[in-house]
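What follows is each chain in one-letter form.
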Amino acid sequence: MKRLRQILQLFAIMLFVSALFSCGKFSQTKHDINPADYNSAVALADAIKQGKITSSELLEYYLQRISQYNGEINAVVAMDIEGARARAAEADEALAKGEIWGPLHGLPMTVKDVFEVAGMPATSGDPGLKAYMPKRNAIVVQRLINAGAIVFGKTNTPFYAADSQTFNKVYGTTNNPWDLTRTPGGSSGGSAAALVMNFTSIELGSDIGGSLRNPAHYTGVYGHKPTFGVVPRLGHIPPPPGMIPPHIVPMIPLFVVGPMARTAQDLELAMEVLAASGESAEESYRPKLLPLPKKTWQDYRVAVWLTDHYSDAEIDTEVLAVLRKTVNKLRKAGVRVDETARPGVELKESRQLFLDIYNVMRKGPLPGELVERQKKMQATWAKFFESYDVLLTPVVPTVAFPHDQTQPKKSRALMINNKPRRYMSIHTWTLMAVVSGLPATAAPAGLSESGLPVGIQIIGAGLEDRKTIAFAKGLSTLVGGFVAPPAYQE
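These figures come from a predicted structure and were not determined experimentally.

What counts, and where the lines are drawn
Residues numbered from 1 in each chain as written. Predicted model: local features only at pLDDT ≥ 70, side-chain atom pairs only at ≥ 80, totals over all residues. Heavy atoms only, no water. 1 Å grid on protein atoms, 1.4 Å probe; cavity = no way out; pocket = protein on both sides within 12 Å on 5 of 7 lines; lining within 4 Å. Points joined across faces, edges and corners; volume = space filled by probe spheres on them. Helix = DSSP H or I, 4+ residues; strand = E, 2+ residues; numbered from the N terminus. Nonpolar A, V, L, I, M, F, W, Y, C, P; charged D, E, K, R; others polar. Expected span 1.5 Å × (residues − 1). Buried < 20%, exposed > 50% of the residue type's maximum accessible area, 1.4 Å probe, protein only. Arc of directions from axis to C-beta. Contact = heavy atoms within 4.5 Å. Axes fitted to C-alpha atoms, helices over the stretch in contact; angles between N-to-C directions. Left-handed = near helix turned anticlockwise from the far one by under 90°. Salt bridge = Lys/Arg side-chain N within 4 Å of Asp/Glu carboxyl O. Pairing = 2+ DSSP bridges.

Draft legend 1. Structural detail: the layout of surface pockets. A volume near 1,200 Å³ is recorded for the largest pocket. Taken together, 43 residues form the lining of the largest pocket, with Ile208, Pro238, Tyr358, Met361 and Arg362 sitting closest to its centre. Contributing elements (two or more residues each) for the lining of the largest pocket: strand S6 (202-207) and helix H11 (347-360). Ranked by residues supplied to the lining of the largest pocket, first place goes to H11 with five residues. When the residues that make up the lining of the largest pocket are grouped by side-chain class, the tally is 24 nonpolar, ten polar and nine charged.

Dropping the structure here:
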């Protein structure tokens, strides 16, 4: 009798373990792919199409992962679980019939809470929008859905996406998975944290001063700021919902919408979806991306600009050390690198033009004087990129810094080389791509001496988005790409 009880107990334990593996843990033998391995969006989308994993299974994995860890990270702030489960089931049924919706068929994903998504709140961190439920999707969200994606959640952002940290009075503070006492950056900080935590494989963010690139740097993921105008922005908050007529949206300067991911290949996939031709109020204004040149990334002419005499451009030594190692690895790989080349545009000049445009952009069309200054700067950049394919620069001066919610922002300080600097120094290296409308990809460059991620900025000529992303992809073969924080690896 005792022997029988032991056998029954063992059988019960085996059933319990089996149940655990069926609720979010996946065996390699059955599926040949395990989402716990931080797979790329490309790999996961292919696995779904090949039947190695179902859309429903992948969604449940993400929901389980969010349930387990989001409490301490606070990256995902809203979800439509019922709607997502129904859509995932539809994706699996369609695939069984031989139907493929698009390159993202059945891929669950999250997007920054500045985008209108039907069925979920869109607050942009504003308490006044806490109850706002859009009736339709932002154009870019609809493009993702048309490509087969299942948008199941929203990620945190600062109030109206206007900070380099991520906190607001609606959803609170988002923490950096590498160190919970530090910020993941902003304004796409929730997007970056969600990627690091494997709550999603791909994300949709936006950028007006570095909002895609500084979170990528602080968390060790990839972020791409597209050439101005190539990705539609209708359905993004700000501006406040319904305040700006659709035909006026293309005329709003500076800010762009772009992807974030854990691989450069995923940025490529996302940009093909986001920048595709389509019917929208912005379509007639949108330029088209240039094709990738017929040469390998190792043959690119690379300019490097890591330091500058401008006081707000000072780079902390632990960041600079990682960037210099990256440049040395490029040289050893035979890449032509020029550290003396400069675009003929000063960092201080870019910053001032940005501020001049930003301060008047809410009042109406830009004055002719500002338009001419911007065109002159863009022409200078165009001339520079006749001689170089990409320019490598820092993203921001420091690694992720401790949370600082001091108000007003001008009262905050950024510690660089143990000295307090202006908080707005964060934007010194990112603004030049914004005000000139150039594409810029932030890519992981390695970990600092303190064990925190460091990114590098890859700037290219206008409409050469494919080139900066291709260089980021090639660079990953030398320096490695995304690395998961040890505390959250499975």
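We are not done yet, so read on.
Draft legend 2. Molecular detail of H11. Taking 1.5 Å per residue as the helical rise, H11 with its 14 residues ought to reach 20 Å, and the 21 Å between its terminal C-alpha atoms agrees with that figure. What H11 keeps buried is the set Leu347, Ser350, Arg351, Leu353, Phe354 and Ile357. Within H11, the buried residues cover an arc of 165 degrees as seen down the axis, which keeps them to one side. Looking at the buried positions of H11, the neighbouring elements they touch are helix H12 (368-384), strand S13 (419-422) and helix H13 (431-435).

Draft legend 3. Quick peek at the packing of H11 against H12. Where H11 contacts H12, the two axes come as close as 11 Å, and the packing angle between them is 145 degrees. In the crossing of H11 with H12, the sense of the turn from one axis to the other is left-handed. Taking contact as the criterion, the partners of Glu349, Ser350, Gln352, Leu353, Asp356, Ile357 and Val360 in H11 are, on H12, Leu370, Arg373, Gln374 and Met377. A class-by-class count of the residues in the contact of H11 with H12 yields five nonpolar, three polar and three charged.

Draft legend 4. Broad picture of the pattern of salt bridges. Applying the stated criterion to the full structure yields 19 salt bridges. The partner of lysine 383 in a salt bridge is glutamate 386, and the shortest N-O contact between them spans 3.5 Å.

Draft legend 5. Layout of the sheet that holds strand S1 (residues 76-79). The three strands are arranged S1-S3-S2 in an open sheet whose pairing can be described as mixed. Lying at the two open borders of the sheet, with one neighbouring strand each, are S1 and strand S2 (108-112). The mean inter-strand angle of the sheet, taken between neighbouring strand axes irrespective of direction, is 40 degrees. Where S2 lies against strand S3 (residues 150-155), five bridges are found, and the strand directions are parallel. Of the residues in S3, the one forming a bridge with methionine 109 is valine 151. Lying over the sheet, helix H4 (residues 55-73) contacts S1, S2 and S3, oriented at roughly 15 degrees with respect to S3.

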